[in-house]
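Descriptive structure summary
Chain by chain, the residues run as shown.
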Amino acid sequence: MKRSGSGSSKREWKPLEDRSCTDIPWLLLFLLFCVGMGFICGFSVATGAAARLVSGYDSYGNICGQKNAKLEAIPNSGMDHTHRKYVFFLDPCNLDLINRKIKSVALCVAACPRQELKTLSDIYKFAEINGSALCSYSLKPSEYTTSPKASFLCPKLPVPASAPIPFFHRCAPVNISCYAKFAEALITFVSDNSVLHRLISGVMTSKEIILGLCLLSLVLSMILMVIIRYISRVLVWILTILLILGSLGGTGVLWWLYAKQRKSPKESVIPEQLQIAEDNLRALLIYAIAATVFTVVLFLIMLVMRKRVALTIALFHVAGKVFIHLPLLVFQPFWTFFALVLFWVYWIMTLLFLGTTGSPVQNEQGFVEFKISGPLQYMWWYHVVGLIWISEFILACQQMTVAGAVVTYYFTRDKRNLPFTPILASVNRLIRYHLGTVAKGSFIITLVKIPRMILMYIHSQLKGKENACARCMLKSCICCLWCLEKCLNYLNQNAYTATAINSTNFCTSAKDAFVILVENALRVAAINTVGDFMLFLGKVLIVCSTGLAGIMLLNYRQDYTVWVLPLVIVCLFAFLVAHCFLSIYEMVVDVLFLCFAIDTKYNDGSPGREFYMDKVLMEFVENSRKAMKEAGKGGAADARELKPMASGASSA
């Protein structure tokens, strides 16, 4: 592809012509880092952490379910627990929030108590019937009801019913009341603990509804992707109308429920339930006011954006054609999510291994803890960096895969000559040539993300202790790093597109992409503003539809105060699902635009320099130019920018 224009860069763009490995040193560095992650996991397993994690161990260092070796100067160690396979805590609800562990004596037992034990006699009968002693090893079952030491050597009464956790052999209480207390300690802004108990109980009693609504959000996201593919020309107006109806409907339903609850006679309410009824009424009023404010703000935004809404229709149509030719793009979020889940499971398991690895040390209470000494105690820092870098690497691989597939589609003149599966072909090129580029790009994001997370941690630890100046400086630094991270993410995505086009290394691709974006700043602003807003409307539509369905289903539960937590969970999940699907669409639009900008920069439609672009994309740019001129925002600069495309329109 020849360069055109005296202001163009000297290096030529040759899409899909040359392929070479890029950023090999960074690939080697990433592989070496992964070897270090594997060493941490191997070290944890080799030092016995895996057995202690899976089988569990008591407060004396004995691993349950096996015969143990005697530990020097530690009583009750070296016991044979072959027939005692479960870890039982004498006081499972005594939680240490600082060290994030159960602050209780742990014993190895033969069976977990499946029913509540209210007295020492019940504990004795359980030991006689099941052969499982729930009191300290030094106390025989026959002494449970006679020894004065039983009050502190036996479990705290009543002993809650418990069941073993699958694969981890810990007896966990079936009743979640103690976990509610744990939440109370974490959520400091809730002054009324009874409200928190009701919220948590509301989640547990509505778990089937929550699961069904989460599934509904997934189905709605898939349907929205289908709509984008096949009716892109009317999608914008459908989204707008449905969003108006959804926001008005949700607001109306909330005000109707408030009016209905307010008119209900209070004389029939028993005094004990009067406070709950008032809380319900107040909660409905807050929900209705919040929905009204949201609807008004949304209408104002749509009023401002109404003249630009039509500009997005043609762009969505072109992106929709990409999804028609590359249907596997729709499933990209699944593969990425699956890879992330696998890595996160591995990371969490290794982190748990690190929590149980090391040498046995006797604490102040005389119980055993396992701690790592020396330089190896800082391995978890390395492990945290690995979480961020490898997670960003997986996300970057998705971006490079999508970019490679869309680039192949754009720069293939005859679409009948496309590879059988462009997605798999893009994955093949990624693995063979561009893993180093992805590793370097993800490492740059990691370098920005880590300081921001450290500052956020410092801010949370100093909350209420720092002065106003320090608080302002911390928040400013966090905000600046967040903005820098977002800018680098956008530049990285375009750098991956440039790498997919020309097979250059990361720095060269980032520079070339930056130059192209600066040269097309007006179009970048217009497309990103309108396109992102319409995709945001799609996300809001899915969240509103799921939330409205949740309101209608939860209406059958008259305790309106407990709505908030189930609805928040459902709406957050719906937004995350919609974001995962529509972010792929947004990615395709960005890749198409960069390809289009490069196409118009180096081609003018003359023989030998024909455009690669779709005719609909040409019409979109022409319509954009006309609309911007009508709005008084086109100007001479924009006219000059679009002049090469206008000259070649007849030959496209």
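About the cut-offs
- Residues numbered from 1 in each chain as written.
- Predicted model: local features only at pLDDT ≥ 70, side-chain atom pairs only at ≥ 80, totals over all residues.
- Heavy atoms only, no water.
- Helix = DSSP H or I, 4+ residues; strand = E, 2+ residues; numbered from the N terminus.
- Expected span 1.5 Å × (residues − 1).
- Buried < 20%, exposed > 50% of the residue type's maximum accessible area, 1.4 Å probe, protein only.
- Core = buried A, V, L, I, M, F, W, Y, C linked by side-chain atoms within 4.5 Å.
- Contact = heavy atoms within 4.5 Å.
- Patch = residues over 30% accessible without salt bridge, like charges linked within 9 Å, V, L, I, M, F, W, Y side chains within 5 Å.
- Areas by Shrake-Rupley, 256 points an atom, 1.4 Å probe, with all protein chains shown as cover.
- Salt bridge = Lys/Arg side-chain N within 4 Å of Asp/Glu carboxyl O.
- Disulfide = S-S within 2.5 Å.

Bringing helix 1 (residues 24–46) into the picture now. Here helix 1 is 23 residues long and its end C-alpha atoms lie 32 Å apart, about the 33 Å a rise of 1.5 Å per residue gives. Those residues of helix 1 lying buried are Phe-30, Phe-33, Gly-36, Met-37, Ile-40, Cys-41, Phe-43 and Ser-44.

Further remarks concern the nonpolar core. Membership of the largest hydrophobic core comes to 62 residues, with the highest contact counts inside it found for Leu-329 and Val-588. Sorting elements by how many residues they give to this core places helix 17 (residues 564–602) first, with 19 residues. Discounting chain neighbours no more than four positions away, the residues touching Val-588 are Ala-319, Val-322, Phe-323, Leu-329, Val-402 and Val-406. Residues Phe-88, Cys-108, Ile-123 and Leu-139 belong to the second largest nonpolar core, which totals 26 residues.

On the surface, a nonpolar cluster with roughly 410 Å² of combined accessible area is contributed by Trp-255, Ile-289, Val-293, Val-297 and Ile-301. Residue contributions to the nonpolar patch peak at four residues, all from helix 9 (residues 271–309). Looking at the element boundaries, Val-293 is found in helix 9.

For the coordinates displayed, the defined rule picks out three disulfides. The disulfide partner of Cys-64 is Cys-108, and the S-S distance across this bridge is 1.9 Å. On the sign convention where negative is left-handed, the bridge of Cys-64 and Cys-108, at about -80 degrees about the S-S bond, is left-handed. Here Cys-64 is found in the loop between helix 2 (49–55) and strand 1 (86–89), whereas its partner Cys-108 is found in strand 4 (residues 106–109), with 44 residues between them in sequence. Residue classification places Cys-64 among the buried positions, given a relative accessible area of 3%. One disulfide bridge connects Cys-135 with Cys-154, the sulfur atoms lying 1.9 Å from each other. An S-S torsion of about 110 degrees defines the bridge between Cys-135 and Cys-154 as right-handed. One end of the pair, Cys-135, is in the loop between helix 3 (120–130) and helix 4 (150–153); the other, Cys-154, is in the loop between helix 4 and strand 5 (162–164), with 19 residues separating them in the sequence. Look at Cys-135 and you get buried, because its relative accessible area is 1%. Residue Cys-154 is classed as buried on the basis of its relative accessible area of 4%. Listing the disulfide partners of the protein chain by sequence rank of the bonded cysteines yields 1-2, 3-6, 4-5.

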